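# Remarks on the overall topology
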Amino acid sequence: MRILVTNDDGIHAEGLAVAEAIACELSKDVWVCAPEVEQSGASRALTLSQPLRVRTIVARRFAVMGTPTDCVMLAIQTLMDAKPDLVLSGVNRGLNAGEDVTMSGTVAGAIEAMSLGVPAIALSQRMTYSAADADAPFAVARTFGAGLVARLVELGWPNQVILNINFPVGPVERVQEVEVTRQGFRDVRHRFAERRTDLRGREYFWQGFRVADRAAPAGTDLRAADEGRISITPLHIDLTHRPTVRALAGRVGGAIPAHKVSA
């Protein structure tokens, strides 16, 4: 089995090394193509207005001055001598669950692979960013990743679907269960842009967000993460809201309604 590994945290990220180690437990034919610099939050961005610079580090290992989507597209269509059998994207430093999946470069790397006909899995590790897990922040992903990926490959999944795996924060011995979940939704999120001034007196902004603690519904990726379970969420990119399609079809469909401009 030929495996391509990518991520959005960049070629030097610790999580990429973990994903590569997972791949190497499953195959001797492992390729890596990742962004030269961090691309967190890039979603499915594609570089179109400037050239893509590719740095060959060693054989089968590339760094691209671009997004995760750029990396996967270039690797599969140009850099590799044959299409991979599987793409692993991650392991992301932090959870990719709930509505975050729409912004995630990690998930986007997997989606690009899927769009090119290659089965793909996105891998993310929840972090507390505390001293307790500072020594081994990817321990859960490192411990369970290869076995879980191998089982999923054995079972298979539909062509138009990616699998989004989120590993809970450790310690490893407390992680006992895997749950197949649906995508959750955080109902309270505070986004902010902090105004700052650099050493030359020029103003800039640093964006971020804070999420209020709320109990996520049972069966969601967020609830599984909160309760210490590994979650597997099948995702696809059909964003159609079918109830609204049905509600509007009989009222708007058909002839274009006349539009009267008021005087």
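Anything mentioned here points back to the structure above.
The following paragraphs examine the structure supplied in this document. These numbers were taken from a predicted model, which means no experiment stands behind them.

When its volume is computed, the second largest pocket comes out at roughly 370 Å³. Taken together, 17 residues form the lining of the second largest pocket, with Val101, Thr102, His236, Ile237 and Leu239 sitting closest to its centre. The set of elements that each furnish at least two residues to the lining of the second largest pocket consists of helix 3 (105-115) and strand 11 (230-235). Grouping the constituent residues of the lining of the second largest pocket by class yields 8 nonpolar, 6 polar and 3 charged.

Right, let's get into the side chain of Asn7. By secondary structure assignment, the location of Asn7 is in the loop between strand 1 (2-6) and helix 1 (14-26). With relative accessibility at 2%, the residue Asn7 sits in the buried group. Within polar-contact distance, the side chain of Asn7 engages the backbone oxygen of Gly10 at 3.0 Å. Contacts of Asn7, omitting those with residues within four sequence positions, involve Ala13, Leu16, Ala34, Pro35, Pro68, Ser89 and Gly90.

On to the packing of helix 2 (residues 68-79) against helix 3, then. Two elements in contact, helix 2 and helix 3, have axes whose closest approach is 8 Å; the angle formed by their N-to-C orientations is 30°. Taken together, the axis directions place helix 2 and helix 3 in an arrangement best described as roughly parallel. Between helix 2 and helix 3 the crossing geometry is right-handed. On helix 3, the residues touching Pro68, Thr69, Val72, Met73 and Ile76 of helix 2 are Gly105, Ala108, Gly109, Glu112 and Ala113.

Strands pair in a sheet through their backbones, by hydrogen bonds, and they do so in one of two ways: parallel or antiparallel. Taking strand neighbours across the sheet as the criterion, the 9 strands line up as 3-4-2-1-5-6-7-11-8 in an open arrangement whose pairing is mixed. Each edge of the open sheet carries a strand with a single partner, namely strand 3 (54-58) and strand 8 (178-180). On average, each strand axis in the sheet is inclined to that of its neighbour by 20°, with strand direction left out of account. Sheet topology note: the strand 8/strand 11 ladder contains 3 bridges and is parallel. From the neighbouring strand, Glu179 faces strand 11, where its bridge partner is Ser231. Where helix 1 meets the sheet, it contacts strand 1, strand 2 (29-35), strand 4 (61-64) and strand 5 (86-93), and its direction lies at approximately 145° from that of strand 5.

Moving on, we come to the side chain of Ser104. Looking at where Ser104 falls in the secondary structure, it is placed in the loop between strand 5 and helix 3. In this structure Ser104 comes out as buried when scored by relative accessible area, which is 4%. Within the structure, the side chain of Ser104 is placed 3.1 Å from the backbone nitrogen of Thr106, a separation counted as a polar contact. A polar atom in the side chain of Ser104 sits 3.0 Å from the backbone nitrogen of Val107. Residues contacting Ser104, with those up to four places away along its chain left out, are Asp8, Ser43 and Asn96.

Time to look at the packing of aromatic side chains. According to the stated counting rule, one finds 1 aromatic pair in the structure shown. A centroid spacing of 6.4 Å and a plane angle of 20° characterise the contact between Trp31 and Phe62, whose relative ring orientation is stacked. Of this pair, Trp31 sits in strand 2 while Phe62 is found in strand 4, placing the two residues 31 residues apart along the sequence. Like Trp31, the residue Phe62 is buried in the burial classification.

What follows covers the nonpolar core. In terms of nonpolar packing, the biggest core is built from 34 residues, with Leu88, Ile121 and Ile165 touching the most fellow members. Mapped onto this core, the elements with two or more residues apiece are strand 1, helix 1, strand 2, strand 5, strand 6 (120-125), helix 4 (139-155), strand 7 (162-167) and strand 11. A per-element tally of this core places helix 4 first, with 6 residues. In this structure, Leu88 is in contact with Ile3, Leu4, Val5, Thr6, Ala19, Ile22, Ala23, Ile121, Leu123 and Val149, ignoring residues within four places of it in sequence. Residues Cys33, Leu74, Ile76 and Ala120 belong to the second largest nonpolar core, which totals 24 residues.

The N-to-C vectors of helix 1 and helix 4 enclose an angle of 45°; their axes lie 9 Å apart at closest approach. When the axes of helix 1 and helix 4 are compared, the pair comes out oblique. Crossing angle aside, the handedness with which helix 1 passes helix 4 is right-handed. Of the residues in helix 4, those in contact with Glu14, Val18, Ile22, Glu25 and Leu26 of helix 1 are Ala141, Arg142, Gly145, Ala146, Val149 and Ala150. The class makeup of the residues in the contact of helix 1 with helix 4 is 7 nonpolar, 1 polar and 3 charged.

For the rest of this paragraph, the subject is the environment of Ala63. By the element assignment, Ala63 lies in strand 4. Sequence-wise, Ala63 and Val149 are 86 residues apart; in three dimensions their C-alpha atoms are separated by 24 Å. Beyond its immediate stretch of four places on either side in the chain, Ala63 contacts Ile11, Ala34, Glu36, Arg53, Val54, Arg55 and Ile57.

Conventions and cut-offs
- Throughout, residues of each chain are indexed from 1 in the direction in which the sequence is written.
- Whole-chain, interface and lining totals are the exception, using all residues; otherwise, since this is a predicted model, local features are given only for residues with pLDDT of at least 70 and side-chain atom pairs are given and counted only at 80 or more.
- Excluded from the side-chain calculation are hydrogens and water; included are all heavy atoms of the structure.
- Cavities and pockets are defined on a 1 Å grid built over the protein atoms alone: a cavity is a set of grid points where a 1.4 Å probe fits but cannot escape, while a pocket is an open set with protein on both sides within 12 Å along at least five of seven lines, and lining residues are those with an atom within 4 Å of any such point.
- Grid points are joined across faces, edges and corners, and a volume is the space filled by probe spheres set on the points.
- Elements are defined by DSSP. Helices are runs of H or I of four residues or more, strands are runs of E of two residues or more, and each kind is numbered from the N terminus.
- Asp, Glu, Lys and Arg are counted as charged, while Ala, Val, Leu, Ile, Met, Phe, Trp, Tyr, Cys and Pro are counted as nonpolar; the rest, among them Gly, fall into the polar class.
- Partly exposed describes any residue whose relative accessible area lies between the buried limit of under 20% and the exposed limit of over 50%, with all areas from a 1.4 Å probe on protein chains only and scaled to the type maximum.
- Any pair of N or O atoms that falls within 3.5 Å is considered a polar contact. Within protein, one atom must be able to donate a hydrogen and the other to accept it, and sequence-neighbouring residues count only if both atoms are side-chain atoms.
- In what follows, a contact means two residues having at least one pair of non-hydrogen atoms within 4.5 Å.
- To define axes, lines are fitted to C-alpha atoms, for helices over the stretch in contact only, and angles between the resulting N-to-C directions are given on a 0 to 180 degree scale.
- An angle below 35 degrees is read as roughly parallel, one above 145 as roughly antiparallel, one from 65 to 115 as roughly perpendicular, and any other as oblique.
- Crossing handedness: left-handed means the near helix sits turned counterclockwise from the far one by under a right angle, and right-handed means the same turn made clockwise.
- Two strands form a pair only when DSSP identifies at least two bridges running between them.
- Whether two aromatic rings pair depends on their centres lying within 6.5 Å, for rings of Phe, Tyr and Trp, where Trp uses its six-membered ring; planes under 30 degrees apart make the pair stacked, over 60 edge-to-face, and the rest tilted.
- The definition of a nonpolar core used throughout is a set of buried Ala, Val, Leu, Ile, Met, Phe, Trp, Tyr and Cys residues joined through side-chain atoms within 4.5 Å.

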